[in-house]
Amino acid sequence: MFRLWAKIFKENRMLSDMVIENDDASLNRTRKVFAAVDEICYHFDLSKPIWLDSTVAEFKKHDKARFHQDNFIDPIDFDYLEIHVIEED
């Protein structure tokens, strides 16, 4: 079971969150993360974020990443979107 927790923050307060689960054994970890981010963006009605080098490095190190305004093409009405892998196969 792969689970990823997504949270939206504004002014150090969590506005909303959701957990994405993926049981598809045919997908590798990277594809599961991208599929989860796609589902998160659809649920929160966001454009897909751009994975900057700093975002990738943070995710590799901590299994957690924050997407700020710099990661989005469209303006966002929150401070950042945080994703965190909470369970892996």
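Only a predicted model underlies this, so the values are computations on that prediction, with no experimental measurement involved.

S.K.: Sorry, what's going on with the packing of aromatic side chains here?
M.R.: To describe a pair of aromatic rings, one takes the distance between the centres and the angle between the planes. Under the definition given, this model contains five aromatic pairs. Ring geometry for Phe9 versus Tyr80: centroids 5.0 Å apart, planes at 20 degrees, classification stacked. Here the residue Phe9 occupies a position in strand β1 (residues 2-10), and Tyr80 occupies one in strand β4 (residues 80-87), the gap between them amounting to 71 residues. Among the residues examined, Phe9 registers a relative accessible area of 14% and is labelled buried. A centroid spacing of 5.6 Å and a plane angle of 80 degrees characterise the contact between Trp51 and Phe59, whose relative ring orientation is edge-to-face. An aromatic cluster of three or more residues is present, and its members are Phe34, Trp51, Phe59 and Phe67.

S.K.: Help me understand the pattern of salt bridges, please; the structure alone is not making it clear to me.
M.R.: Side-chain pairs of opposite charge can arise where the charged atoms are in close proximity. Here the structure, examined in full by the defined rule, presents six salt bridges. Note that Asp63 and Arg29 form a salt bridge whose closest N and O atoms lie 2.6 Å from each other. One end of the pair, Asp63, is in the loop between α2 (53-62) and β3 (64-67); the other, Arg29, is in helix α1 (residues 29-44), with 34 residues separating them in the sequence. With relative accessibility at 25%, the residue Asp63 sits in the partly exposed group. Looking at Arg29, the relative accessible area reads 31%, which means it is partly exposed. Where Glu88 meets Arg29, a salt bridge forms, and the shortest distance between an N and an O atom there is 2.9 Å. In this pair, Glu88 sits in the segment after β4 while Arg29 sits in helix α1, placing the two residues 59 residues apart along the sequence. Each of the salt bridges in this network shares a partner with another, and the network as a whole consists of Lys7, Arg66 and Glu82.

S.K.: I keep staring at the environment of Thr55 and nothing clicks. Help me out?
M.R.: The residue Thr55 is located in helix α2 in this model. Residue classification places Thr55 among the buried positions, given a relative accessible area of 2%. The residues contacting Thr55, other than those within four sequence positions of it, are Ala65, Arg66, Phe67 and Asn71.

Cut-offs applied
Residues numbered from 1 in each chain as written. Predicted model: local features only at pLDDT ≥ 70, side-chain atom pairs only at ≥ 80, totals over all residues. Heavy atoms only, no water. Phe/Tyr/Trp six-rings, centres within 6.5 Å; stacked < 30°, edge-to-face > 60°. Helix = DSSP H or I, 4+ residues; strand = E, 2+ residues; numbered from the N terminus. Buried < 20%, exposed > 50% of the residue type's maximum accessible area, 1.4 Å probe, protein only. Salt bridge = Lys/Arg side-chain N within 4 Å of Asp/Glu carboxyl O. Contact = heavy atoms within 4.5 Å.

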